[in-house]
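Residue-level listing of the chains:
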Amino acid sequence: YELRELQQRLGITFVFVTHDQEEALTLSDRIAVFNNGFIEQVGTPPEIYHQSKTEFVCDFIGDNNRLDEGTMLMLSQSSGHTFKDKAGYIRLERVRFNRDYPNDVETKGVVLDMEFDGILLKYTVKLTNGKHIHIIDKNDGFAKREIGSEISVFMNPADILQF
């Protein structure tokens, strides 16, 4: 906070080198993601996170689920959306327990594990096709899913990143 406040107050440019993703996302106006000395992507923090241009950037910044062929096929068949024959990724917070959007695709699963992190809960869910995915949910004090419980899982095909 103090570095960002100082930079803005003085109106100067900082070049800040870090491997800490949280620092990069919170301090930066623009981020350059390097891979073996080469720039993979340059953009604003939301662009880097939500619109990763390469598989490396997507995998490096933030947490995500790599979707297997079976899950991609299920999403294609259920939504009518045609996916390229490439790896698919979805951010943990984009997988939900409730249908929030009309295009959300529902699948079933079983809660395998839950990590408590204060305001967030991180679930591991085994989908009916056997794929394990992770879901981050806000801890509202009410919606805790019990280990072993059968649940619905919703994903919006528009949230899938492909490379």
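Residues numbered from 1 in each chain as written. Predicted model: local features only at pLDDT ≥ 70, side-chain atom pairs only at ≥ 80, totals over all residues. Heavy atoms only, no water.

1. Thoughts on the side chain of Arg91
(1) Moving on: Looking at the element boundaries, Arg91 is found in strand β4 (residues 88–91).
(2) Moving on: Buried and unpaired, Arg91 has no salt bridge, with Glu93 as the nearest side chain of opposite charge at 5.4 Å.
(3) Moving on: Among the polar contacts listed, one links the side chain of Arg91 to the backbone oxygen of Ile61, at a separation of 2.5 Å.
(4) Moving on: Discounting chain neighbours no more than four positions away, the residues touching Arg91 are Ile48, Tyr49, Ser52, Cys58, Ile61, Gly62, Asp63, Asn64 and Leu161. (Helix = DSSP H or I, 4+ residues; strand = E, 2+ residues; numbered from the N terminus. Buried < 20%, exposed > 50% of the residue type's maximum accessible area, 1.4 Å probe, protein only. Lys, Arg positive; Asp, Glu negative; His and termini not counted. Salt bridge = Lys/Arg side-chain N within 4 Å of Asp/Glu carboxyl O. Polar contact = N/O pair within 3.5 Å; in protein donor to acceptor, adjacent residues only side chain to side chain. Contact = heavy atoms within 4.5 Å.)

2. Looking at the pairing of strand β6 (residues 120–127)
(1) Moving on: Strand direction decides the pairing type here: strand β5 (residues 105–117) and β6, joined by eight bridges, are antiparallel. Considered in β6, the bridge of Val111 is made with Val125.
(2) Moving on: Where β6 lies against strand β7 (residues 132–138), seven bridges are found, and the strand directions are antiparallel. When the sheet's bridge partners are listed, Lys122 is paired in β7 with Ile136. (Pairing = 2+ DSSP bridges.)

3. Let's talk about helix α5 (residues 69–79)
(1) Moving on: The set of residues buried in α5 consists of Thr71, Met72, Met74 and Leu75. Buried positions in α5, seen along its axis, are confined to an arc of 160° and lie on one side of it. Pointing more than 90 degrees away from the buried face of α5 are the exposed residues Glu69 and Gln77.
(2) Moving on: Buried residues in α5 make contact with β3 (64–67), β4, β5, β6, β8 (150–155) and β9 (161–162).
(3) Moving on: Where α5 ends, the next residue or the one after it, Gly80, has phi of about 80°, a positive value. (Arc of directions from axis to C-beta.)

4. Quick notes on the sheet that holds β5
(1) Moving on: Sheet architecture is open: four strands sit in the order β7-β6-β5-β8, paired in antiparallel fashion. Every other strand in the sheet has two partners, leaving β7 and β8 as the edge strands with one partner each. When strand polarity is set aside, the average angle formed by the axes of neighbouring strands in this sheet is 50°.
(2) Moving on: Those strands touched by α5 are β5, β6 and β8, and its axis lies near 135° from that of β5. (Axes fitted to C-alpha atoms, helices over the stretch in contact; angles between N-to-C directions.)

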